[in-house]
Amino acid sequence: MFIATLIASERLAAGDISAAEDRVRSAGATPIAPVWLDEGVACDIRFEGDSQAVRAALEGAIGGVDVIVQVEAERQRKMLVADMDSTLITIECIDELADYAGIKPQIAEITERAMRGELDFEGALDARVALLKGLDASVIDRCHAERVVLMGGARELVRTMRANGADCYLVSGGFTAFADRVAADIGFTRALSNVLEIADGKLAGTVARPIVGAATKRETLLAEATAHGITPTECLAVGDGANDIPMIQAAGLGVAYHAKPKTAATAAARIDQCDLTALLSAQGYARKDWVI
């Protein structure tokens, strides 16, 4: 049995559910009576049939609504592996550091191309960090205080999953100076990210090796799943950039969150309208069960 969860960024009407049922039937599947998870916001439609055909029929069909289709028995995941920049927080930290250095447009362009998969991630990271050489290291704390804002639903997602026995890992191509604090604030089990090297109180323009990139993200998901005695199928991975694709593809539920086109095209699910609490609805957690 499969389940399609419809999550609205604003309001989900009864007519929307009826239209969704019609689309499920048009995909050759048989829907079972829909059940509200949170009335007017999130609804489950169970069905038998071709899950990929149903997903194709439902995604983007109702304005302001995201749809996640999965095997019903697997919906509540036992582990989360998440990206940070533009996923758990609203910014790209390296772009904001560049703003303090007066070179944000130059670095942001490279960031965008790397996240779209047009540039090698490690090479692009080295190139951007080199441009920050000589920036006073105190800017890191200032940037964290002034610019880092949690993405809507980030805290609820992690704390609810942790409260229900799931371990949560933040694995970022960004920097420990930000990731460690974000992870501690939200309640992650552990964070893994890159170390900006500092010399004489200034950025040295280099990143410590090995670089945390796409391969590390996937390897962390697989290794932690094995260590906890679960399978990758039982894991949830979420990210927005091309360097998140390997972990998204390795997870049982891999989600592209407001993602770059290449990432969105390869993911088993997309969140384009809602915030990260959509991933709680997808797992069957009603709002009354969220941990804030």
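Computed from a predicted model, the values in this text were never measured in an experiment.

## Here's the deal with the overall build of the protein
Across its full length, the protein holds 12 helices and 13 strands. Rg of the C-alpha trace for the protein: 20 Å, near the compact-globule value of 19 Å for 292 residues, within the 12% margin. Its C-alpha atoms give the protein principal-axis dimensions of roughly 65 × 40 × 30 Å. Looking at the protein alone, contacts between residues at least 24 apart form 67% of all its contacts between residues at least 6 apart. Carbon and sulfur atoms make up 48% of the accessible area of the protein, which amounts to about 11,800 Å² in all. Measuring between centres, the 29 positive side-chain charges of the protein sit 1 Å from its 42 negative side-chain charges.

## Some points on the packing of aromatic side chains
Each aromatic ring pair is specified by the distance between its two centres and by the angle formed by the two planes. Here the structure, examined in full by the defined rule, presents 1 aromatic pair. When the ring of Phe-2 is compared with that of Phe-47, the centres are 5.6 Å apart and the planes differ by 20 degrees; the resulting orientation is stacked. Taken as a pair, Phe-2 in strand E1 (residues 2–8) and Phe-47 in strand E4 (residues 42–48) lie far apart in primary sequence, 45 residues in all. Assessed through its relative accessible area of 23%, Phe-2 is described here as partly exposed.

## Some points on helix H7 (residues 154–163)
Those residues of H7 not exposed but buried are Ala-154, Glu-156, Leu-157, Val-158, Thr-160 and Met-161. As for H7, its buried residues are in contact with strand E6 (79–82), strand E7 (167–175), helix H8 (176–186), strand E11 (235–239) and helix H12 (278–282). One or two steps after H7, the chain reaches Gly-165, where phi turns positive at roughly 90 degrees.

## Re the sheet that holds E11
Across the sheet, which stays open at both edges, the 6 strands sit in the order E8-E7-E6-E11-E12-E13 with parallel pairing between neighbours. Every other strand in the sheet has two partners, leaving strand E8 (190–194) and strand E13 (269–271) as the edge strands with one partner each. Strand-to-strand twist of the sheet, defined as the mean angle between neighbouring strand axes without regard to direction, takes the value 20 degrees. With 4 bridges connecting them, E7 and E8 associate as parallel partners. Bridge pairing in E8 links Phe-175 to Asn-194. With respect to the sheet, H8 is in contact with E7 and E8, its orientation differing from that of E7 by roughly 160 degrees.

## A look at the nonpolar core
Counting residues in each nonpolar core, the largest one holds 64 residues, and the members touching the most others are Leu-80 and Phe-188. Sequence-distant contacts of Phe-188, defined by excluding residues within four places in its chain, comprise Leu-80, Ala-82, Leu-88, Val-158, Arg-162, Cys-168, Tyr-169, Leu-170 and Ala-183. Membership of the second largest hydrophobic core comes to 19 residues, among which are Leu-12, Ile-17, Ala-57 and Val-69.

Cut-offs and rules
- Residues numbered from 1 in each chain as written.
- Predicted model: local features only at pLDDT ≥ 70, side-chain atom pairs only at ≥ 80, totals over all residues.
- Heavy atoms only, no water.
- Helix = DSSP H or I, 4+ residues; strand = E, 2+ residues; numbered from the N terminus.
- Rg over C-alpha atoms; globule rule 2.2 N^0.38 Å.
- Contact = heavy atoms within 4.5 Å.
- Areas by Shrake-Rupley, 256 points an atom, 1.4 Å probe, with all protein chains shown as cover.
- Lys, Arg positive; Asp, Glu negative; His and termini not counted.
- Charge placed at Lys NZ, Arg CZ, Asp CG, Glu CD.
- Phe/Tyr/Trp six-rings, centres within 6.5 Å; stacked < 30°, edge-to-face > 60°.
- Buried < 20%, exposed > 50% of the residue type's maximum accessible area, 1.4 Å probe, protein only.
- Pairing = 2+ DSSP bridges.
- Axes fitted to C-alpha atoms, helices over the stretch in contact; angles between N-to-C directions.
- Core = buried A, V, L, I, M, F, W, Y, C linked by side-chain atoms within 4.5 Å.

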